[in-house]
Amino acid sequence: MNTPKPSNEPVVTSYAKAPSRRISAGGVTYAYRELGPKGGIPVVFFVHLAATLDNWDPRIIDPIAKNHHVITFDNRGVGASTGQVPGSIEAMADDAYTFIKALGFEKIDVFSFSLGGMVAQALVLKHPDLVRKLVLTGTGPKGGKDMDKVVGTTYYDILRATLTRSDPKEFLFFNRDTAGKQAGKAFVKRLEERTADRDAPIKVKAFQTQLKAIKTWGRGTPADLSKITQPTLIANGDNDRMVPSVLSGDLHRRISGSEMVIYPGSGHGGIYQFHDKFAPVAVEFLAR
């Protein structure tokens, strides 16, 4: 049963102003934020590697929150959520399920990016009745070709960013051409629009555990994605160095009836570089 809308709360549609909340379940206290009009099926956002509540692009979230109840959360051991990061993608999905059920939801839409897309796949395969619609961006399937190389790419780009005093996401998410560099800096700046009540950064051990889980996922036995029958939207850039763009095509082929959009001249963060084009696509897909 969906949680009722509190009568004394105004509707917040700006992620920069979304209230931070806590809920405890299964021995873990989960940190989350919510915005948008309550009632109906909420859109739960599954975030990327090393990310916390502060890493969602408001240019993606705000348009969706205009007409949808949006929830972002820190999984176990990340940001302000307690506990330790699980060692597998499947265990992360179990924690996400615990969190969602603690909020009282029987049906959700999922918006996911990168690591979050892996967790989302594991969740929908284990709990197909929970998910109505699925958005998979910058991600790939279990056992996907070269998925396990994300670890080396990540450490290499963190080093490059450190040497240039840049945010690692500028290297990991965006091409190093003029357009990519501009998009990367603009993205990082948007993440700073929230100035109060910011989340705790991820701890190094938690980050390393997430990387190991991704590597294990990348080397695992492929799942039967034909079991995913929910309407699915897949998106990426055409030059994703973290989760190779070819894996978006792999997902598209294996998930019957799925839709795919690939943005040329962009990398892992293609949906952020082209947020003005992608946000309306996501809004229309979720509104159907």
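Counting starts from 1 at the beginning of each chain's written sequence and moves along it residue by residue. Only residues with pLDDT of at least 70 get local features here, since the model is predicted, and only at 80 or more are side-chain atom pairs given and counted; chain-wide, interface and lining totals rely on the full set of residues. The basis for the side-chain values is all heavy atoms of the structure; hydrogens and waters are excluded.

Peer 1: How would you explain the packing of aromatic side chains if you had to name every residue and give the values?
Peer 2: A pair of Phe, Tyr and Trp rings is counted when the ring centres sit within 6.5 Å of each other, with Trp represented by its six-membered ring. The angle between the planes then sorts it: under 30 degrees is stacked, over 60 is edge-to-face, the rest tilted. Evaluated as defined, the whole model comprises 18 aromatic pairs. With centroids separated by 5.6 Å and ring planes inclined at 55°, the aromatic side chains of Phe-174 and Phe-187 adopt a geometry described as tilted. Of this pair, Phe-174 sits in the loop between helix H5 (168-172) and helix H6 (178-190) while Phe-187 sits in helix H6, and the two are 13 residues apart along the sequence. To sort residues, take the accessible area from a 1.4 Å probe on protein chains only and compare it with the maximum for the residue type: under 20% means buried, over 50% means exposed, and anything in between is partly exposed. Exposure remark for Phe-174: the relative accessible area of 4% places this residue in the buried category. A connected cluster of aromatic rings, assembled from ring pairs, spans Phe-45, Trp-56, Phe-111, Tyr-263, Phe-274 and Phe-278. Over the ring of Phe-285 we find Lys-133, and its NZ or CZ is 5.2 Å from the ring centre. In this description a helix means any DSSP run of H or I spanning at least four residues, a strand means any run of E spanning at least two, and both kinds are numbered starting from the N terminus. Note on geometry: a ring has a charge over it if NZ (lysine) or CZ (arginine) is within 6 Å of the ring centre and within 35 degrees of the ring normal.

Peer 1: Explain unusual backbone geometry to me, using residue names and the numbers behind them.
Peer 2: Glycine aside, the phi torsion of most residues is negative, and most peptide linkages are trans. Even without glycine at this site, Ser-114 takes up a positive phi of about 60°. Tracing the backbone shows Ser-114 in the loop between strand S5 (108-113) and helix H3 (115-126). The buried category is assigned to Ser-114, whose relative accessible area is 4%. Of note, the phi angle at Asp-197 is positive, near 55°, even though the residue is not glycine. Relative to the elements of secondary structure, Asp-197 occurs in the loop between H6 and helix H7 (204-218).

Peer 1: Please provide a residue-by-residue account of the pairing of strand S2 (residues 28-35), values included.
Peer 2: Here S2 lies mainly inside the structure; seven of its eight residues are buried. Any two strands with at least two DSSP-identified bridges between them are counted as paired. Looking at chain direction, strand S1 (residues 20-25) and S2 are connected through six bridges and run antiparallel. Residue Ile-23 lies in a different strand from S2, and its bridge partner there is Tyr-30. Hairpin remark: S1 followed by S2, antiparallel, with two residues in the connecting loop; positive phi at Gly-26, about 60°. Inspection of the sheet shows S2 paired to strand S4 (residues 70-73) by four bridges, in the antiparallel sense. Considered in S4, the bridge of Tyr-32 is made with Phe-73.

Peer 1: So what's going on with the sheet that holds S2? Which residues, and what values?
Peer 2: As summarised here, the arrangement of the eight strands in space is S1-S2-S4-S3-S5-S6-S7-S8, forming an open sheet in which the pairing is mixed. The sheet is open, and its two borders are formed by S1 and strand S8 (259-263), each paired with just one other strand. Sheet twist, expressed as the average angle between the axes of neighbouring strands with direction ignored, equals 20°. Comment: axis = line fitted to C-alpha atoms, over the contacting stretch for helices; angle = value between 0 and 180 degrees taken between N-to-C directions.

Peer 1: Describe H6, with residues and values.
Peer 2: Every α-helix carries 3.6 residues per turn, so stepping three or four residues along brings you back to the same face. Helix span is expected to be 1.5 Å times the residue number reduced by one. Spanning 13 residues, H6 covers 19 Å between terminal C-alpha atoms, matching the ideal 18 Å at 1.5 Å per step. For H6, the set of buried residues is Gly-180, Ala-183, Gly-184, Phe-187, Val-188 and Arg-190. With its buried residues spanning 155° around the axis, H6 presents them on a single face. Set apart from the buried face of H6 by more than 90 degrees, the exposed residues are Thr-178, Gln-182 and Lys-189. Residues count as neighbours in contact if any of their non-hydrogen atoms are within 4.5 Å of one another. On its buried face, H6 is in contact with helix H1 (58-65), H5, helix H9 (270-273) and helix H10 (275-287). To obtain the arc, one takes the directions from the helix axis to the C-beta atoms.

Peer 1: Give me the lowdown on the packing of H1 against H10, citing residues and values where you can.
Peer 2: Where H1 contacts H10, the axes come no closer than 9 Å and their chain directions differ by 30°. Taken together, the axis directions place H1 and H10 in an arrangement best described as roughly parallel. Here H1 and H10 pass one another in a crossing that is right-handed. Seen from H1, the contacting residues are Arg-59, Ile-60, Pro-63 and Ile-64; seen from H10, they are His-275, Phe-278, Ala-279, Ala-282, Val-283 and Leu-286. Put simply, angles under 35 degrees are roughly parallel, angles over 145 are roughly antiparallel, angles from 65 to 115 are roughly perpendicular, and the rest are oblique. In a left-handed crossing the near helix is turned counterclockwise from the far helix by less than a right angle, and in a right-handed crossing that turn is clockwise.

Peer 1: Requested: an account of the pairing of S8, with residues and values cited.
Peer 2: Bridge count for strand S7 (residues 232-237) against S8 is five bridges, and the pairing is parallel. Across the sheet, the residue bridging to Leu-233 is Glu-259, located in S8. Look down the strands so they point away from you; if the path from the first strand over the helix to the second goes clockwise, the crossover is right-handed. Chirality of the crossover, the property in question, places the unit of S7, helix H8 (residues 246-254) and S8 among those that are right-handed.

Peer 1: Quick one: what's the story with the confidence of the model for the protein, residue by residue and with numbers?
Peer 2: Model confidence for the protein is summarised by a mean pLDDT of 95, while 97% of its residues fall at 70 or above. What pLDDT expresses is the predictor's confidence in each residue, scored from 0 to 100. Per-residue pLDDT stays below 50 along residues 1-7; that stretch engages in 14 contacts with residues further than four places along the chain or on separate chains.

Peer 1: Lay out helix H4 (residues 150-163) with the relevant residues and their values.
Peer 2: In a regular helix each residue adds 1.5 Å, so 14 residues correspond to 20 Å; H4 covers 20 Å between its end C-alpha atoms and thus fits that length. Among all positions in H4, only Val-150, Val-151, Thr-153, Thr-154, Asp-157 and Ala-161 are buried. Axial view of H4: buried residues confined to an arc of 160°, hence all on one face. In H4, those exposed residues whose orientation departs by more than 90 degrees from the buried face are Thr-162 and Leu-163. Positive phi appears at Arg-165, one or two residues downstream of H4, with a value of about 55°.

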